[in-house]
Amino acid sequence: MKIKKFNLETDLIKLEEYLRNQYLENKTMSSWLPERLHDLIYRMDTQYIDAGKLKSSDYIFIWEENDEIVGCILPDGDAIYMSIKNGYENLYNLIVSYAEENCKPLFKKEDDGSIDFLVITNDSLKYRKEILEQKGYSR
């Protein structure tokens, strides 16, 4: 298993294909569509930069096995989305922990030092809800 930071030049087409296939396989919005990825990279990141914030696309991370994407972190401002290929659900806890460690700069630190780290998931993905609750997240 390989974890790597998203590179627009080398990973865009592969990530688009992964997201498209996730939708076609699941027929749900449990993952972004490629158009949502483009919106982040080409529109939202410009707005974040204009507002003095960091580019969310700099915090996209990809999990690969045998040169195939099996999961990814898709941040958007102060929210973290994740996509995981069917059969790789066991990666969710690891991916959440990785996001907590590597995506913190996207989030505002409160005066008391706390961070409201927002992880978005679908209600239909009960295993994710259970893992988030075990890690101390609340709805």
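Parameters and conventions
- Going along each chain's sequence as written, the residues are numbered from 1 onward.
- Thresholds applied to this predicted model are a pLDDT of at least 70 for local features of residues and 80 or more for the giving and counting of side-chain atom pairs; totals over whole chains, interfaces and linings are not thresholded and use all residues.
- Excluding hydrogens and water, the side-chain values take into account all heavy atoms of the structure.
- Note on conventions: DSSP H or I runs of at least 4 residues are helices, E runs of at least 2 residues are strands, and numbering of each starts at the N terminus.
- To estimate the expected span of a helix, subtract one from its residue number and multiply by 1.5 Å.
- Values of bend correspond, residue by residue, to the angle between axes fitted over the seven residues ending at that residue and the seven starting there.
- Here's how the labels work: a residue is buried when its accessible area is under 20% of the maximum for its type, exposed when over 50%, partly exposed in between, all with a 1.4 Å probe on protein chains only.
- In this analysis, two residues are considered to be in contact whenever any of their non-hydrogen atoms come within 4.5 Å of each other.
- Grid points spaced at 1 Å over the protein atoms alone were grouped into cavities, where a 1.4 Å probe fits but cannot get out, and pockets, open sets with protein on both sides within 12 Å along at least five of seven lines, with lining residues defined by an atom within 4 Å of a point.
- Grid points are joined across faces, edges and corners, and a volume is the space filled by probe spheres set on the points.
- Gly is placed with the polar residues, together with every amino acid not listed as nonpolar (Ala, Val, Leu, Ile, Met, Phe, Trp, Tyr, Cys and Pro) or charged (Asp, Glu, Lys and Arg).
- Residues enter patches when they are more than 30% accessible in relative terms and free of salt bridges; like-charged ones are connected within 9 Å and nonpolar ones (Val, Leu, Ile, Met, Phe, Trp, Tyr) within 5 Å.
- Shrake-Rupley sampling with a 1.4 Å probe provides the accessible areas, and residues are treated as covered by the protein chains on show and by no other component.
- Salt bridge, as used here: a side-chain nitrogen of Lys or Arg that lies within 4 Å of a carboxyl oxygen of Asp or Glu.
- Residues scored as positive are Lys and Arg, those scored as negative are Asp and Glu, and His as well as the terminal groups of each chain are ignored.
- In this description, the location of a charge corresponds to atom NZ of lysine, CZ of arginine, CG of aspartate or CD of glutamate.
- Note on terminology: a nonpolar core comprises buried Ala, Val, Leu, Ile, Met, Phe, Trp, Tyr and Cys residues joined through side-chain atoms within 4.5 Å.
- Strand pairing requires that DSSP identify at least two bridges connecting the strands.
- Think of a polar contact as two N or O atoms within 3.5 Å of one another; within protein, one of them needs to be a possible hydrogen donor and the other a possible acceptor, and neighboring residues in sequence only count if both atoms come from side chains.

## Comments concerning helix H2 (residues 34-50)
Inference 1: For H2, built from 17 residues, the straight-helix expectation of 24 Å at 1.5 Å per residue is met to within 8% by its first-to-last C-alpha distance of 24 Å.
Inference 2: The sharpest bend along H2 reaches about 40 degrees and sits at Met-44.
Inference 3: Turning to H2, its buried residues are Pro-34, Leu-37, Leu-40, Ile-41, Met-44, Asp-45 and Tyr-48.
Inference 4: Where the residues of H2 are buried, they touch helix H1 (8-26) and strand E3 (68-76).

## Re the layout of surface pockets
Inference 1: Considered as a void within the structure, the largest pocket measures approximately 420 Å³ in volume.
Inference 2: Lining of the largest pocket is provided by 14 residues; of these, Val-119, Thr-121, Leu-132, Ser-138 and Arg-139 occupy positions nearest its centre.
Inference 3: Of the residues belonging to the lining of the largest pocket, the class tally is six nonpolar, three polar and five charged.
Inference 4: Quantified by volume, the second largest pocket comes out at close to 280 Å³.
Inference 5: When its residues are assigned to classes, the lining of the second largest pocket shows six nonpolar, three polar and five charged.

## Section: a negative patch on the surface
Inference 1: Residues Asp-78, Glu-110, Asp-111, Asp-112 and Asp-116 make up a contiguous surface patch of negative charge.
Inference 2: Mapped onto the elements of the fold, Asp-112 is located in the loop between helix H3 (92-102) and helix H4 (126-134).

## Observations concerning the nonpolar core
Inference 1: Ile-73, Ile-80, Met-82, Tyr-92, Cys-103 and Phe-117 are the most contacted members of the largest nonpolar core, which has 21 residues in total.
Inference 2: If one sorts the elements of this core by residue count, H3 sits on top with four residues.
Inference 3: For Tyr-92, the residues in contact, after removing those within four places along its chain, are Met-82, Ile-84, Val-119, Thr-121, Tyr-127, Arg-128, Ile-131 and Leu-132.

## Considerations on the pairing of strand E4 (residues 79-84)
Inference 1: Among the six residues in E4, five count as buried, and that is most of the element.
Inference 2: With six bridges connecting them, E3 and E4 associate as antiparallel partners. Bridged to Cys-72 within E4 is Ser-83.

## Looking at the side chain of Glu-64
Inference 1: Among the structural elements, Glu-64 can be located in strand E2 (residues 61-65).
Inference 2: For Glu-64, a relative accessible area of 4% puts it in the buried group.
Inference 3: A distance of 3.5 Å separates polar atoms of two side chains, one belonging to Glu-64 and the other to Lys-4.
Inference 4: Those residues in contact with Glu-64 that lie beyond four places of it in its chain are Met-1, Lys-2, Lys-4, Lys-14, Ile-69 and Val-70.

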